[in-house]
Amino acid sequence: MTRFLLLALGLLMLQACVSVRSSHGYVLEADQKELTAEIGFDTKDSILAKYGEPSMIGVFDRDAWYYLHSTDQTRAFFKPKTQTRQVIAIHFADDGSVEEFSEYDLADGEDIRLVQRSTPTRGRQLNFWEQLLGNVGALPASLGEEGPVPGQ
């Protein structure tokens, strides 16, 4: 009986270590093999009809559309790790026809390290008690010049 309980407990503990895959972004339909666009032939309307709304539209260039797809894998409580990433960038000319078609994957990405510094501010640092009791006993700025302050 003890062996059975230890085996069941071991199996339950292994269940917590199962990796979970998640898919994000644009997913191809069953009849589609890949996203394609013919330069000079396809337009915004034909791309919308074939693939639907893009995942992102350029902020500064509204004629740049991006279709994104990524697959992540995570195990237990660890940070997810990106397994695959595909970015399709479609740039349109002023007349709405496809001007450029680019495809990027995980190898084309770059790691960006964020700066952890903080910007110093002028003035003195107040501790907890100075912040809590800083205005106790302070007089209102308009007392005496324009008459009594409401509430006094």
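The sections below set out a description of the structure shown in this document. (Residues numbered from 1 in each chain as written. Predicted model: local features only at pLDDT ≥ 70, side-chain atom pairs only at ≥ 80, totals over all residues. Heavy atoms only, no water.)

On to a negative patch on the surface, then. Taken together, the side chains of Glu-34, Glu-103, Asp-105 and Asp-108 define an acidic patch exposed on the protein surface. Residue placement: Asp-105 occurs in strand β5 (residues 98-105). (Patch = residues over 30% accessible without salt bridge, like charges linked within 9 Å, V, L, I, M, F, W, Y side chains within 5 Å. Areas by Shrake-Rupley, 256 points an atom, 1.4 Å probe, with all protein chains shown as cover. Salt bridge = Lys/Arg side-chain N within 4 Å of Asp/Glu carboxyl O. Lys, Arg positive; Asp, Glu negative; His and termini not counted. Charge placed at Lys NZ, Arg CZ, Asp CG, Glu CD. Helix = DSSP H or I, 4+ residues; strand = E, 2+ residues; numbered from the N terminus.)

Going through the model one piece at a time under the given rule, you end up with 3 aromatic pairs. On the basis of an interplanar angle of 70° and a centroid distance of 4.8 Å, the ring pair of Trp-65 and Phe-92 is categorised as edge-to-face. Taken as a pair, Trp-65 in strand β3 (residues 64-75) and Phe-92 in strand β4 (residues 81-92) lie far apart in primary sequence, 27 residues in all. As far as the burial class goes, Trp-65 and Phe-92 line up, both buried. Ring centres of Phe-128 and Trp-129 lie 5.1 Å apart, and the angle between their planes is 75°; on these two criteria the pair is classed as edge-to-face. With respect to burial, Phe-128 and Trp-129 carry one shared label: exposed. (Phe/Tyr/Trp six-rings, centres within 6.5 Å; stacked < 30°, edge-to-face > 60°. Buried < 20%, exposed > 50% of the residue type's maximum accessible area, 1.4 Å probe, protein only.)

With 7 bridges connecting them, β4 and β5 associate as antiparallel partners. Considered in β5, the bridge of Val-87 is made with Tyr-104. Where β4 folds back on β5, the antiparallel hairpin that results is connected by 5 residues, among which Gly-96 adopts a positive phi of roughly 95°. (Pairing = 2+ DSSP bridges.)

On to the pairing of β3, then. Looking at chain direction, strand β1 (residues 19-25) and β3 are connected through 7 bridges and run antiparallel. In the strand pairing of β3, Gly-25 is matched with His-69. As defined by bridge partners, strand β2 (residues 56-57) adjoins β3 across 2 bridges and the pair is classed as antiparallel. Each bridged residue has a counterpart across the sheet, and for Ile-57 the counterpart in β3 is Trp-65. Joining the antiparallel neighbours β2 and β3 is a turn of 6 residues. In terms of strand pairing, β3 meets β4 through 10 bridges, oriented antiparallel. If you follow Tyr-67 over to β4, its bridge partner there is Ile-88.

On to the nonpolar core. Listed in full, the 11 residues of the largest apolar core are Tyr-26, Leu-35, Ala-37, Ile-47, Tyr-51, Trp-65, Tyr-67, Ile-88, Ile-90, Phe-92 and Val-98. The set of elements that each furnish at least two residues to this core consists of α2 (44-51), β3 and β4. Ranked by residue count, the leading element in this core is β4, at 3 residues. When near neighbours in sequence (up to four residues on either side) are disregarded, Ile-90 contacts Ile-47, Asp-63, Ala-64, Trp-65, Tyr-67, Val-98, Glu-100 and Phe-101. (Core = buried A, V, L, I, M, F, W, Y, C linked by side-chain atoms within 4.5 Å. Contact = heavy atoms within 4.5 Å.)

Within the structure shown, the criterion is met by 2 salt bridges. Residue Lys-44 pairs with Asp-63 through a salt bridge whose shortest N-O separation is 2.7 Å. Taken as a pair, Lys-44 in helix α2 and Asp-63 in the loop between β2 and β3 lie far apart in primary sequence, 19 residues in all. Accessibility expressed as a relative area gives 25% for Lys-44, which makes it partly exposed. By relative accessible area, which is 21% here, Asp-63 ends up partly exposed.

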